[in-house]
Amino acid sequence: MAVSVEEVSSSVVREYLSRKGLKRTIACMDEEHPRTEASINNRSHLRQVLNMEGLYRKNKAVSSPLKTLLEIIVKYHIEGFKNDKITCSESDAVWSARTVSSIANSAAATPAVMSDVKAEVDTTAFVVSKHNKLRSAVGEVSPSQPIYTSLLPETDRLSSQNQTGFWAHDLEDEKGQTLMASLQDKESFMKREPEKKTSITESTQRSRTNRIRRGMMAGPIASTPQESNKKRQYRKVEVCQPLLRKEEESRQFEDGLLTTAVHQKSSESSQTEIGPADCVRRQQELWSAPDRKQRENSFEKVKQDTQMTTKLKSLIRPNVADLDVSEMVLDDIDDDDLREFSKVSFQRTAEEHRYAGRPMDQHAAMELKAVLLGSSLNCFSVEWRNQGFTFSETHDLRYGIVQRKGGPCGVLASIQAFVLKKLLFENTETSNTSLQLRPSNTTRRKCFVLAAAEVLWRAGEEKKAIIAINSGRNHFTPTGHYKSEGVLEKITCFTVNNLKDTQLLLEQHIDQFETGLLGCILLTISAVLSRSIEKVRDDMDVPTTTLIGAHGYCTQELVNLLLCGRAVSNVFDNDVELDSGNGNITLLKGVKGHCDVGLLSLFEHYNICKVGAYLKTPRYPIWVVCSESHFSVLFGLQRELLTNQDKGLEFDLYYYDGLANQQEEIRLTVSVGRSALSCQDADTDLIPPLEHCIRTRWKDASVNWNDTEPIL
């Protein structure tokens, strides 16, 4: 894919703004000029596209290097380095003169031989002029000044200029005689000035140094084989090899072999130029070969080496079209890390292409807003927009997700319950309870990914899951009865068909959920889409019910969607039919089957609702607690307490509330059947609501807060 000048220019500007910390300007630019798939993803790749690796290395070597690529480019053009005006015409002309002279001296000066010599010169000139054409494309050799035309007479020189640097092949006798005279003049000139050999060598060396600095011969001259393999970068030289056949004449075969030898020489080394002596020596070896078979074997070996070199270059140079552009992160990466970075980038791009991504459209956004907020004119509150799944850094509470402000507590508590399930009962790394409750950053992140994947996979009826990702740019322009807020407009939905892919995709975009400002909204949208909007409405007793209620609080439907996979409106077991009179039946939908994590509600204490056994007795001793319009988590460490019905049972429960700015571990000791009388005599107004919730599960239980201040 061709590199767009507009996209590269935009990437240079974004790199400048990013390095200068101008975040607001970047945001405005992204809104007015959104990024596309052709945008450059990485600062190192941007340097490669701009062909300024040499300038970048020189900038790093100074005492006060510039920080942005734009500044480096501007400095380069302001100073106007004199070395960039030096061309390679002198050294290349000497090279061609020496090549032609050597060939002329190696054979008798007869017309037949000179015809062969002219063919050899034409072949070499074709290769070199092709190379110069590539260099002139990057502005290093002026196409208006052919380098090798000085070896030809005036008539040939004019013809060569008309053909943009390529020599015209003429087999007429007059042309051959004129070429012979020109070659003899050049030979006599070189014989008269042998003392200039040293100066020519120095000029060639200076020319090579200039090419290295300008990027034509990329990479420094390595002093050791290890350094050479580590730092070497290969230049691309286009050489048109003639088609050879075994039945062709000897002269044509040798011409093709000379071209191939030049190609091999240019591909093998990025630190030395293609010398004329190598070409002449190779030609003389072929002429001195005893038979045609030996020359053919030699040609086959050269051809194999050339193919291997070409394959190596194709592996080293990545394709710009394969670069990952999902995020514009312009980081400064050392040259040693380029190979590892490219490997990770390509792997991530390949993984993402496996999933079907669909940008959000306005119709789907309106439907989502209606089921979540009640109307397409409503917007998410600040509390929801600024909430992600960030873990606590308190030593004893590292397992806990921190809630910043009230509102999305139902989503956080539900995900927290599944994180505890993964951490305490499915974590195979350690069986030490103390270590399980103080997980490392890697462990708790892994548990969050597994927990979120399980919630979404269950919502999709274990057939599919849809993950909403913030793409960073608008996919549609809102019109009509819709209020834009820059959230749903930027979402891309990825559909996966198995649990493993759900986990992988969540892991790739973990930053958007864990530290991103929209993490809670993205997970909620993912759960709704995984279930589908139609089925969510069908789950509810009243289809017009919203998942986010007044003041931004989570409704019971949203909590049930995350806990059980269905957005039912009730917490009792199974469905209940009510006679509404006149033969009308009202169906109330409840929970069907035991859940992995349960729920305890203070409303049951006040006889407002009835929590069924499916939620009271989950598969794991973890409960989401609904108390005073707020959701928190209560959990135990032993699964036996769910089945042990002894009256003398005593066990510990741990309580976590992400909103209460909790700074210490709260461990409650629950005793069943021992202190019922004392509990009845106590003042009910001073009993913490959490204890009432516990007694809805263990009747007449006494709760010891173990010197922790009770939460009233």
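Just so you know, these numbers come straight off a predicted model, no measurement behind them. For every chain, the first residue of the written sequence is number 1, and numbering continues from 1 onward in sequence order. Selection of residues for local features in this predicted model requires a pLDDT of at least 70, selection of side-chain atom pairs for listing and counting requires 80 or more, and totals for whole chains, interfaces and linings are taken over all residues. Here the side-chain values reflect all heavy atoms present in the structure, with hydrogen atoms and water set aside.

This paragraph deals with the overall build of the protein. For the purposes of this entry, the term helix denotes a DSSP run of H or I that reaches at least four residues, the term strand denotes a run of E that reaches at least two, and both are numbered from the N terminus. Helix and strand content of the protein: 29 helices and 11 strands. Partly exposed residues are those whose accessible area sits between 20% and 50% of the maximum for their type, while under 20% is buried and over 50% is exposed, using a 1.4 Å probe and protein chains only. In the protein, which comprises 712 residues, the share counted as buried stands at 47%. Within the protein, contacts between residues separated by at least 24 positions form 66% of all contacts whose residues are at least 6 apart in sequence. Accessible surface, the protein: about 36400 Å² in total, of which carbon and sulfur atoms supply 51%. Contact criterion: two residues are considered in contact whenever any of their non-hydrogen atoms come within 4.5 Å of each other. The Shrake-Rupley method, run with a 1.4 Å probe, gives the accessible areas here. Residue values count only the displayed protein chains as cover.

This paragraph deals with the pairing of strand β8 (residues 630–635). Buried residues dominate β8, accounting for 6 of its 6 residues. The two faces of β8 match: His630, Ser632 and Leu634 on one face and Phe631, Val633 and Phe635 on the other face are all buried. With antiparallel pairing between neighbouring strands as the criterion, strand β7 (residues 622–627) and β8 make up a hairpin whose turn holds 2 residues, including Glu628 at a positive phi of roughly 55°. The pairing criterion for strands is at least two bridges between them, as found by DSSP. Direction of pairing for β8 relative to strand β9 (residues 650–656): antiparallel, over a ladder of 3 bridges. The residue of β9 that forms the bridge with Val633 is Tyr656.

As a further point, take the pattern of salt bridges. Salt bridge, as used here, is a side-chain nitrogen of Lys or Arg placed within 4 Å of a carboxyl oxygen of Asp or Glu. With the rule as written, the count across this model stands at 27 salt bridges. Across the pair Arg444 and Glu393 runs a salt bridge whose closest N-O atoms are separated by 2.6 Å. Taken together, the residues Arg444 in helix α20 (residues 441–459) and Glu393 in the loop between α17 (382–385) and α18 (409–425) connect sequence positions 51 residues apart. According to the relative accessible area criterion, Glu393 is exposed, its value standing at 55%. Via salt bridges that share partners, Lys421, Lys422, Glu426, Glu454, Arg458, Asp596 and Arg619 belong to a single interconnected network.

This paragraph deals with the side chain of Arg531. By the secondary structure assignment, Arg531 is in helix α23 (residues 519–531). A 3.5 Å cut-off defines polar contacts: any pair of N or O atoms within that distance qualifies, except that in protein one atom must be a possible hydrogen donor and the other a possible acceptor, and neighbouring residues in sequence count only when both atoms are side-chain atoms. At 2.9 Å, the side chain of Arg531 and the side chain of Asp539 are in polar contact. Contacts of Arg531, omitting those with residues within four sequence positions, involve Ala459, Glu461, Val536, Asp539, Leu561, Gly565 and Arg566.

Here we take up helix α29 (residues 689–697). Of all 9 residues making up α29, 9 are buried, and the element is well covered by its neighbours. Among all positions of α29, only Pro689, Leu690, Glu691, His692, Cys693, Ile694, Arg695, Thr696 and Arg697 are buried.

Take the sheet that holds β9 next. Two pairing modes exist for strands in a sheet, parallel and antiparallel, and in both the strands are linked by backbone hydrogen bonds. The mixed open sheet is built from 6 strands, whose spatial order is β6-β7-β8-β9-β10-β11. The sheet is open, and its two borders are formed by β6 (598–601) and β11 (702–704), each paired with just one other strand. For this sheet, the mean inter-axis angle between neighbouring strands, taken without regard to orientation, is 30°. Pairing geometry for strand β10 (residues 666–671) and β11, over 3 bridges, is antiparallel. What sits directly across from Thr669, in β11, is Asn704. All axes here are fitted lines through C-alpha atoms, helices being fitted over the stretch that makes contact, and every angle between N-to-C directions spans 0 to 180 degrees. Packed onto the sheet, α18 meets β7, β8 and β9 and runs at close to 15° relative to β8. Taken strand by strand, α29 contacts β6, β7, β8, β9, β10 and β11, and its axis lies near 130° from that of β7.

Okay, the environment of Leu423 next. Checked against the element boundaries, Leu423 lands in helix α18. Relative accessible area serves as the criterion here: at 1%, Leu423 is assigned to the buried category. For the pair formed by Leu423 and Phe448, sequence separation is 25 residues and the distance between their alpha carbons is 9.1 Å. In contact with Leu423, not counting residues within four places along its chain, are Tyr399, Gln436, Pro439, Thr443 and Cys447.

Below, the discussion takes up the packing of aromatic side chains. In summary, the pairing rule links any two rings of Phe, Tyr or Trp, Trp by its six-membered ring, whose centres are within 6.5 Å, and it sorts them by plane angle into stacked for under 30 degrees, edge-to-face for over 60 and tilted for everything else. Evaluated as defined, the whole model comprises 8 aromatic pairs. Pairing Trp623 with Trp698 gives two aromatic rings, centres 5.5 Å apart and planes at 80°, and the pair type is edge-to-face. Taken together, the residues span a long stretch of sequence, with Trp623 in strand β7 and Trp698 in the loop between α29 and β11 at a distance of 75 residues. A residue is classified by how much of its surface remains accessible, and Trp623, at 0% relative accessible area, is buried. The structure contains a cluster of three or more aromatic residues connected by ring pairs, namely Tyr399, Phe635, Tyr654 and Tyr656.

The subject of this paragraph is the pairing of strand β5 (residues 584–588). Strand direction decides the pairing type here: strand β4 (residues 576–581) and β5, joined by 5 bridges, are antiparallel. Looking at β5, one finds that Val576 is bridged to Leu588. Remark: 2 residues form the turn of the hairpin made by β4 and β5, two consecutive strands paired antiparallel; Asn582 in that turn has positive phi of roughly 60°.

Our focus in this paragraph is helix α21 (residues 499–508). Listed as buried for α21 are Asp501, Thr502, Gln503, Leu505 and Leu506. Residue Asn498 occupies the N-cap position of α21, its side-chain oxygen lying 3.2 Å from the main-chain nitrogen of Lys500.

One non-glycine residue, Asn607, lies in the positive phi region at around 60°. Classification of Asn607 as exposed rests on a relative accessible area of 70%. Although it is not a glycine, Glu628 sits at a positive phi angle of roughly 55°. Looking at the element boundaries, Glu628 is found in the loop between β7 and β8. Overall, the relative accessible area of 55% leaves Glu628 in the exposed class.

Parts of the model with low pLDDT should not have their predicted coordinates read in detail. Within the protein, residue pLDDT values average 74, and 59% of them lie at 70 or more. Known as pLDDT, the predictor's per-residue confidence is scaled from 0 to 100. The low-confidence segment residues 133–175 (pLDDT under 50) makes 65 contacts with residues lying over four places distant or belonging to another chain. Predicted confidence for residues 213–274 stays below pLDDT 50, and this span has 134 contacts to residues more than four positions away or in other chains.

This paragraph deals with the packing of α20 against α21. Relative to each other, α20 and α21 sit at 130°, their axes nearing to 9 Å. Between α20 and α21, the angle is such that the two are oblique. Crossing geometry of α20 relative to α21 is assigned as right-handed. Contacts between α20 and α21 pair Val449, Leu450, Ala452, Ala453, Glu454, Leu456 and Trp457 from the former with Leu499, Thr502, Gln503, Leu506 and Glu507 from the latter. Tallied by class, the residues present in the contact of α20 with α21 amount to 8 nonpolar, 2 polar and 2 charged. The scheme is simple: roughly parallel for angles under 35 degrees, roughly antiparallel for over 145, roughly perpendicular for 65 to 115, oblique for anything else. Helix crossings get a hand from a simple test, with the near helix turned counterclockwise from the far one by less than a right angle marking a left-handed crossing and a clockwise turn marking a right-handed one. When residues are sorted by character, Ala, Val, Leu, Ile, Met, Phe, Trp, Tyr, Cys and Pro go into the nonpolar class, Asp, Glu, Lys and Arg into the charged class, and all the rest, Gly among them, into the polar class.

Note that Ile585 resides in strand β5. Every residue in contact with Ile585, bar those within four places of it in the chain, is listed here: Glu577, Leu578, Asp579 and Ser580.

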